[in-house]
Amino acid sequence: MKIGTYEVWPPVVLAPMAGITNIGFRRLCREQGGGLFVSEMITSRALVERVPLTFQMIRFGVEETPRSIQLYGVDPVIIGKAARMIAEEDLADHIDLNFGCPVPKVTRRGGGSALPYKRNLLRAILRETVRNAGPLPVTMKMRKGIDDDHLTYLDAGRIAVEEGVAAVALHARTAMQHYGGTADWDAIKRLRDAVPEIPVLGNGDIWSADDALRMVAETGCDGVVIGRGCLGRPWLFRDLDLAFEGTAERTRPSLGEVSAMMVRHAELLCEVIGSEPHGLADFRKHVGWYLKGFVIGAETRRALTTVTSLADLRERVAELDQDQPWPAEADGPRGKSGERSKVALPHGWLDDPDEMAALDAEDPTSGG
């Protein structure tokens, strides 16, 4: 799979996930297998205004090539300035644009998965980004649309081709679905057929390497985007390497091997954040994902989420049953799920899809 001038093999992309895909987690995943590993979502206004937190979020390891940033924004001028800044200051090698976020605080301001409904605004953002990015490839990630009555992905895909976007990724759910229900892989196939000029990547309900192979076979997509499937399971990228090379071997780690991965992850977070207590506080959300399905007492689980030093963490995981095999209960979906009763949108957002909305949807202090 080619993204601009970059060849990506295996054809796998780590999805940007807020609070997850920092430099530490990306390194952990890269240690398991290959692909393209994208930063957390970065607010374009915060980047242009040089907010310190945002610059902390766009750090890359020396081994990261290509360096990928995902930008979020609703103002074509601001996002164009951010793209030019990335290119001129050599902040990254690839820019991905976020049109898929379903979170209410984003959609109620017209951003994320709400934005492609405004076709002219989408076109203006893509045009300014591509024009200002210079030689850097620009890609976009989107959803099917706001809901089943307001689907946007096919129009958005054609606009992307016309404006010089290098590849498009589709999370095959609507914003209304949030992370619930079942991903509509047929939509990925329809998009693949609609935009034969550029690579199409599929996203949604890939919980194993075999799911990825099945998605490619069923939809004809050029690659896959991995999101919640790798939570507490970074070795999924090892399995994806094996799968795309045609090998049937898959990773089924014991609790001891999972424990070692937990410690490695925590070490990287502490290194990135520069503090063991803060790094371990950030690691807490990962504990449940790593231990899903294993037989572990509630008290032990609580203890693992309250450690304040790496020495304490190592001591706690050493107490686990190291030989406990990988449980079948750990396979399948993980992470947040559930549908929404409605999508939060700006007043009158659905009235005119051709309107050039003028909303300030970015919080310059949030970093995304």
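Residues numbered from 1 in each chain as written. Predicted model: local features only at pLDDT ≥ 70, side-chain atom pairs only at ≥ 80, totals over all residues. Heavy atoms only, no water.

Of all five residues that make up strand S10 (residues 167–171), five are buried, and the element is covered over most of its length. By the alternation rule, side chains of S10 split into Ala167, Ala169 and His171 and Val168 and Leu170, which are all buried. Where strand S7 (residues 138–143) and S10 come together, five bridges link them in parallel fashion. Counterpart to arginine 143 in the pairing with S10 is histidine 171. Inspection of the sheet shows S10 paired to strand S11 (residues 200–203) by four bridges, in the parallel sense. Residue pairing for S11: alanine 169 is matched across the bridge by leucine 201. Between S10 and its parallel partner S11, the chain crosses via helix H8 (residues 185–194), and the hand of that crossover is right-handed. (Buried < 20%, exposed > 50% of the residue type's maximum accessible area, 1.4 Å probe, protein only. Helix = DSSP H or I, 4+ residues; strand = E, 2+ residues; numbered from the N terminus. Pairing = 2+ DSSP bridges. Right-handed = clockwise from strand over helix to strand, strands pointing away.)

Here we take up the nonpolar core. Judged by nonpolar contacts, the single largest core of 99 residues is most densely connected at Leu71, Leu97 and Met140. In terms of residue count, the dominant contributor to this core is helix H11 (residues 255–273) (nine residues). Apart from residues no more than four positions distant in its own chain, methionine 140 is found in contact with Asp96, Leu97, Phe99, Leu122, Leu126, Ala156, Ala160, Val165, Ala167, Val168 and Ala169. Within the second largest apolar cluster, 11 residues are counted, among which are Ala15, Leu36, Ala167 and Leu201. (Core = buried A, V, L, I, M, F, W, Y, C linked by side-chain atoms within 4.5 Å. Contact = heavy atoms within 4.5 Å.)

Before going further, it helps to spend a moment on the pairing of strand S5 (residues 68–72). Burial analysis of S5 places five of its five residues in the buried class, the great majority of the element. Burial of S5 is two-sided: the residues Ser68, Gln70 and Tyr72 facing one way and the residues Ile69 and Leu71 facing the other way are all buried. Across four bridges, strand S4 (residues 36–43) lies against S5 in parallel orientation. Bridge pairing in S5 links valine 38 to serine 68. What joins S5 to strand S6 (residues 94–99) is helix H4 (residues 76–88), and the crossover it makes is right-handed.

In this section: H8. Along an α-helix, a turn takes 3.6 residues, which lines up residues three or four apart on a common side. All buried positions along H8 are accounted for by Trp185, Ala187, Ile188, Leu191 and Arg192. Angularly, the buried residues of H8 cover 150 degrees about the axis, an arc narrow enough to put them on a single face. Facing away from the buried side of H8 by more than 90 degrees, the exposed set consists of Asp186 and Asp193. In the core, the buried residues of H8 are packed alongside S7, helix H7 (153–162), S10, S11 and helix H9 (209–219). (Arc of directions from axis to C-beta.)

Attention shifts here to the sheet that holds strand S12 (residues 223–226). With parallel pairing, the eight strands of this closed barrel are ordered in space as S3-S4-S5-S6-S7-S10-S11-S12. This sheet shows a mean twist of 25 degrees between the axes of neighbouring strands, independent of strand direction. In the packing of H7 onto the sheet, contacts are made with S7 and S10, and the angle to S7 comes to roughly 175 degrees. Lying on the sheet, H8 is in contact with S7, S10 and S11; it crosses S11 at an angle near 170 degrees. (Axes fitted to C-alpha atoms, helices over the stretch in contact; angles between N-to-C directions.)

Contact pair H11 / helix H12 (residues 276–291): the axes reach a minimum separation of 8 Å and the direction vectors enclose 150 degrees. On the basis of the axis angle, H11 is roughly antiparallel to H12. For H11 against H12, the interelement crossing comes out right-handed. Counted together, Leu255, Val258, Met261, Met262, His265, Ala266, Leu269, Cys270 and Ile273 of H11 and Glu276, His278, Gly279, Leu280, Asp282, Phe283, His286, Val287, Tyr290 and Leu291 of H12 form the full contact between these two elements. For the contact of H11 with H12, the per-class residue count stands at 13 nonpolar, four polar and two charged. (Parallel < 35°, antiparallel > 145°, perpendicular 65-115°, else oblique. Left-handed = near helix turned anticlockwise from the far one by under 90°. Nonpolar A, V, L, I, M, F, W, Y, C, P; charged D, E, K, R; others polar.)

Looking at the protein chain, the pLDDT average stands at 94 and 97% of residues meet or exceed 70. Within the model, pLDDT remains below 50 along residues 364–368, and this stretch shows 14 contacts once partners closer than five positions in the same chain are excluded. (pLDDT = per-residue confidence, 0-100.)

If you walk through the whole model with that rule in mind, you get 29 salt bridges. With a shortest N-O distance of 2.9 Å, arginine 119 and aspartate 354 are connected by a salt bridge. A residue pair is termed long-range when its members are at least 10 positions apart, and arginine 119 in helix H6 (residues 119–133) and aspartate 354 in the segment after helix H14 (310–318) qualify at 235 residues. Taking the relative accessible area as the measure of exposure, arginine 119 reaches 29% and is therefore partly exposed. Of the charged contacts in the structure, one is a salt bridge between glutamate 163 and arginine 123, with a shortest N-O distance of 2.8 Å. With a gap of 40 residues between them, glutamate 163 in the loop between H7 and S10 and arginine 123 in helix H6 connect regions that are remote in the sequence. Looking at glutamate 163, the relative accessible area reads 11%, which means it is buried. (Salt bridge = Lys/Arg side-chain N within 4 Å of Asp/Glu carboxyl O.)

A few words on unusual backbone geometry. Note the cis peptide between tryptophan 9 and proline 10, where omega equals -5 degrees. By secondary structure assignment, the location of proline 10 is in the loop between strand S2 (6–7) and strand S3 (12–14). That bond from threonine 65 to proline 66 is cis: its omega, -5 degrees, falls within 30 degrees of zero. The backbone of aspartate 90 sits at a positive phi, close to 55 degrees, despite the residue not being glycine. The class of aspartate 90 is partly exposed, set by a relative accessible area of 48%. Positive phi values are uncommon outside glycine, yet aspartate 205 reaches one of about 65 degrees. The topology assignment puts aspartate 205 in the loop between S11 and H9.

Relative to each other, H7 and H8 sit at 30 degrees, their axes nearing to 10 Å. Where H7 crosses over H8, the handedness of that crossing is right-handed. Two secondary-structure elements touch here, H7 through Tyr153, Leu154, Gly157 and Arg158 and H8 through Ala187, Arg190, Leu191 and Ala194.

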